[in-house]
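Take a look at the letters that make up each chain.
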Amino acid sequence: MKLTILGGGGFRVPLVYGALLGDRAEGRVTHVVLHDLDAERLSAVTRVLAEQAAQVPDAPEVTATTDLDEALRGADFVFSAIRVGGLEGRANDERVALAQGVLGQETVGAGGIAYGLRTVPVAVDIARRVARLAPDAWVINFTNPAGLVTEAMSRHLAGRVIGICDSPVGLGRRIARVLGANPREAFIDYVGLNHLGWVRGLRVAGRDELPRLLADTELLGSFEEGKLFGPDWLQSLGAVPNEYLHYYYFNRETVRAYSQAEKTRGAFLRDQQAGFYEEMKRPEASALTAWDRTRAEREATYMSENRESAGAGEREADDLSGGYEKVALALMRAIARDERTTLILNVRNQGTLSVLDADAVIEVPCLVDANGAHPVAVAPLPDHATGLVCAVKAVEREVLAAAESGSRATAVKAFALHPLVDSVNVARRLVEGYTEVHPGLAYLG
Ligand code: G6P
Ligand code: MN
């Protein structure tokens, strides 16, 4: 089984490789091909993987290439984890937005639109190449903004591209934990778009345990989302939102916290990761130790401005490893070995949410087997959530249209229609600002 990782010089590749090393079963991945545009990043990551594999018998073979077509040929699975414009691009996404007084997060609001606008053309090119060179491959998209990018790729790969995110799994796991339930036995009734979904129930043996949590203020205040949103707001909603909804429900506070931060998240990661890749150029450095130290620091500071603005304190030790690689491995195993399982994934709606068309990519529990991922039937969302989902999906569609046509007016429309962009003039200035700093947006005429 051959797995190709695009963005193979990326910092989180060792997480995936670590998960593969733990997989001893028949039909496992035996060959990993790393593809990246940057050969130095490839050699840095290859060093970490070699140290990970040192004591493991039959570790999957690793090869690296900067030739995309060569990487794709013969792949059974393709993980797409690219970052167009790098972390410098992410920092610019944040800076330009904050200068206009709006949020520049990489997946939410103006920042997510800017990142989407420069990523979609690249993702579409990859999808076309996969369709031509590895038509039987399954593509697992990790690239943010994951829902939008998955939808762009699905126009060329149909159901053979599946988007993943670890936030819903982490959320489900935390809720199960505070309820004393086994996450593996629980069905998480979750739906929405990527980074824009709600847990409306948690069923164990057919019984919904969530009302017990919603009724208990102390229990509600004891885990990450309870601390971020506050028990009162969760009780008002009657649901537990994905942590990224903090940017919507507490927009003013998060924008303020991000503007006051010493460094934005993107700028922090840009500098932190530059240090890691620099260190990897020294042959005497221990690659795995340096990687692990950098990873721990990255995880500890995840969403720190949000937590600070909400007075939520430090992250819990159990929350530190997101489990993104576990979702990827579980998905790949289910498909490759026909091991039927349920996972929350980004797939085409196909009637699941009646307010969206069939091709809209949504985030929803799916039954996965050798035939791919099939969304399960879920109850409709309440009106306030439907409103947000429809508004953001409409924005995503404008992004896809702008990427296809190169129309600047359509790009302005995408920003202007977003619920977190409060004026058409702001949208115009955002397009100005972003096209100035991002070479990847030169196509917007
Ligand atoms: C969560 C999100 C991902 C995101 C990751 C890392 O897992 O669901 O979409 O890529 O956090 O965030 P960071 O700010 O460390 O890049
Ligand atoms: Mn995510």
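Residues numbered from 1 in each chain as written. Chains lettered and ligands numbered in written order. Predicted model: local features only at pLDDT ≥ 70, side-chain atom pairs only at ≥ 80, totals over all residues. Heavy atoms only, no water.

## Re the packing of helix H2 (residues 39-53) against helix H15 (residues 287-300)
Moving on, step 1. Where H2 meets H15, the closest approach of the two axes is 8 Å, and the angle between their N-to-C directions is 105°. Between H2 and H15, the interaxial angle falls into the category roughly perpendicular. For the pair H2 and H15, contact is made by Arg47, Val48, Glu51 and Gln52 and by Ala287, Leu288 and Trp291, respectively.
Moving on, step 2. A per-class count over the contact of H2 with H15 returns 4 nonpolar, 1 polar and 2 charged. (Axes fitted to C-alpha atoms, helices over the stretch in contact; angles between N-to-C directions. Helix = DSSP H or I, 4+ residues; strand = E, 2+ residues; numbered from the N terminus. Parallel < 35°, antiparallel > 145°, perpendicular 65-115°, else oblique. Contact = heavy atoms within 4.5 Å. Nonpolar A, V, L, I, M, F, W, Y, C, P; charged D, E, K, R; others polar.)

## Here we look at the UniProt feature "site: Increases basicity of active site Tyr" (unreviewed entry) in the protein
Moving on, step 1. UniProt records the feature "site: Increases basicity of active site Tyr" (unreviewed entry) for Glu106 in the present numbering.
Moving on, step 2. Apart from residues no more than four positions distant in its own chain, Glu106 is found in contact with Arg83, Arg90, Gly111, Gly112, Tyr115, Asn144 and Pro145.
Moving on, step 3. Of the polar contacts made by the side chain of Glu106, one reaches the side chain of Arg83; its length is 3.1 Å. (UniProt positions renumbered as here; feature names shortened; annotations may be inferred. Polar contact = N/O pair within 3.5 Å; in protein donor to acceptor, adjacent residues only side chain to side chain.)

## A few points about the nonpolar core
Moving on, step 1. If you look at the biggest cluster of nonpolar residues, it comprises 98 residues, and the most contacted ones within it are Ile175 and Leu345.
Moving on, step 2. The dominant element in this core, judged by the number of residues it contributes, is helix H17 (residues 324-337), at 8 residues.
Moving on, step 3. Here this core gathers at least three residues from each of two domains, domain 1 (2-163) and domain 2 (251-318).
Moving on, step 4. Each residue touching Ile175, except ones within four places of it in the same chain, is listed here: Val199, Leu202, Leu210, Leu213, Phe223 and Val240.
Moving on, step 5. Residues Leu117, Leu148, Ala152 and Val431 belong to the second largest nonpolar core, which totals 28 residues. (Core = buried A, V, L, I, M, F, W, Y, C linked by side-chain atoms within 4.5 Å. Buried < 20%, exposed > 50% of the residue type's maximum accessible area, 1.4 Å probe, protein only. Domains from an automatic or database assignment.)

## What about the coordination of the manganese ion (ligand 2)?
Moving on, step 1. Coordination of the manganese ion (ligand 2) by the protein involves Cys165 (SG) and His195 (NE2), with metal-donor separations of 2.3 to 2.4 Å. Here His195 lies in the loop between strand S7 (186-193) and strand S8 (196-204) and Cys165 lies in the loop between strand S6 (161-163) and helix H7 (167-178), a separation of 30 residues in the sequence. Across the pair, His195 and Cys165 agree in class, each one buried. (Donors = N, O, S within 2.8 Å, 3.2 Å for Na, K, Ca; no water.)

## A closer look at the pairing of strand S12 (residues 361-369)
Moving on, step 1. Counting buried residues along S12, 8 of its 9 residues qualify, which places the element largely inside the surrounding structure.
Moving on, step 2. Pairing between strand S11 (residues 341-348) and S12: 8 bridges, direction antiparallel. Across the sheet, Leu345 pairs through a bridge with Val364, a residue of S12.
Moving on, step 3. In this sheet, strand S13 (residues 372-375) lies alongside S12 in antiparallel orientation, the contact comprising 4 bridges. Residue pairing for S13: Leu367 is matched across the bridge by His374.
Moving on, step 4. As consecutive antiparallel partners, S12 and S13 are separated by 2 residues. (Pairing = 2+ DSSP bridges.)

## Things to note about the domain arrangement of the protein
Moving on, step 1. On domain assignment, one finds that the protein holds domain 1 (2-163) and domain 2 (251-318).
Moving on, step 2. Centre-to-centre separation of domain 1 and domain 2, based on C-alpha positions: 20 Å.
Moving on, step 3. Contacts between the two partners involve 23 residues from domain 1, matched on the other side by 26 residues from domain 2.
Moving on, step 4. In total, domain 1 and domain 2 occlude about 2200 Å² of area from one another, counting both sides; carbon and sulfur atoms represent 66% of this.
Moving on, step 5. Of all residues in domain 1, Phe11, Arg47 and Leu87 give up the largest surface area on contact with domain 2, accounting jointly for 32% of the area buried on that side.
Moving on, step 6. Across the domain 1-domain 2 interface, the total number found is 2 salt bridges.
Moving on, step 7. Between Glu88 and Arg270 there is a salt bridge whose closest N-O contact spans 3.4 Å.
Moving on, step 8. Our enumeration of links across domain 1 and domain 2 arrives at 14 residue pairs in polar contact (both at pLDDT 80 or more).
Moving on, step 9. Among the elements of the structure, helix H1 (13-21), H2 and helix H4 (86-99) are those that each provide at least two residues to the side of domain 1 that touches domain 2.
Moving on, step 10. Considering each element in turn, the side of domain 1 that touches domain 2 owes the most residues, 8 residues, to H2.
Moving on, step 11. Of the residues belonging to the side of domain 1 that touches domain 2, the class tally is 11 nonpolar, 4 polar and 8 charged. (Buried area = accessible area lost by both parts, 1.4 Å probe. Salt bridge = Lys/Arg side-chain N within 4 Å of Asp/Glu carboxyl O.)

## Things to note about the side chain of Lys393
Moving on, step 1. Mapped onto the secondary structure, Lys393 falls in helix H18 (residues 383-405).
Moving on, step 2. Residue Lys393 is classed as buried on the basis of its relative accessible area of 3%.
Moving on, step 3. Looking at Lys393, its side chain comes within polar contact range of the side chain of Glu396, at 2.6 Å.
Moving on, step 4. Residues within four places of Lys393 in sequence aside, it is in contact with Glu151, Leu193, Leu356, Ala360 and Val361.

## Regarding the site of ligand 1
Moving on, step 1. Inspection of the region around ligand 1 gives 13 residues, with Arg90, Asp166, Ser167, Arg265 and Arg298 positioned closest.
Moving on, step 2. One of the side-chain N or O atoms of Arg265 is found 2.8 Å from an oxygen atom in ligand 1.
Moving on, step 3. Protein contact buries 91% of the 380 Å² of open area that ligand 1 shows by itself.
Moving on, step 4. Residues from two domains meet in the shell around ligand 1; each of domain 1 (2-163) and domain 2 (251-318) gives at least three. (Near = heavy atom within 4 Å. Areas by Shrake-Rupley, 256 points an atom, 1.4 Å probe, with all protein chains shown as cover.)

## Let's talk about the pattern of salt bridges
Moving on, step 1. Within this structure, the stated rule accounts for 39 salt bridges.
Moving on, step 2. Linking Arg155 and Glu404 is a salt bridge whose minimum nitrogen-to-oxygen distance equals 4.0 Å. Placement of Arg155 in helix H6 (residues 146-157) and of Glu404 in helix H18 is noted, with a sequence separation of 249 residues between them.
Moving on, step 3. As a salt-bridge pair, Glu396 and Lys393 come within 2.6 Å of each other at their nearest N and O atoms. Taken as a pair, Glu396 and Lys393 lie in helix H18 at a separation of 3 residues, close to a single helical turn. You'll find Glu396 and Lys393 in the same group, each marked buried.
Moving on, step 4. Taken together, the shared-partner salt bridges in this structure form one network comprising Arg174, Arg177, Glu225, Lys227, Glu243, Glu316, Asp318 and Asp319.

## Some points on the environment of Pro380
Moving on, step 1. With respect to the helices, strands and loops of the structure, Pro380 is situated in the loop between S13 and H18.
Moving on, step 2. On the basis of relative accessibility, which here comes to 66%, the residue Pro380 falls in the exposed class.
Moving on, step 3. On a C-alpha basis, the gap between Pro380 and Val355 in space is 8.8 Å, while along the polypeptide they are 25 residues apart.

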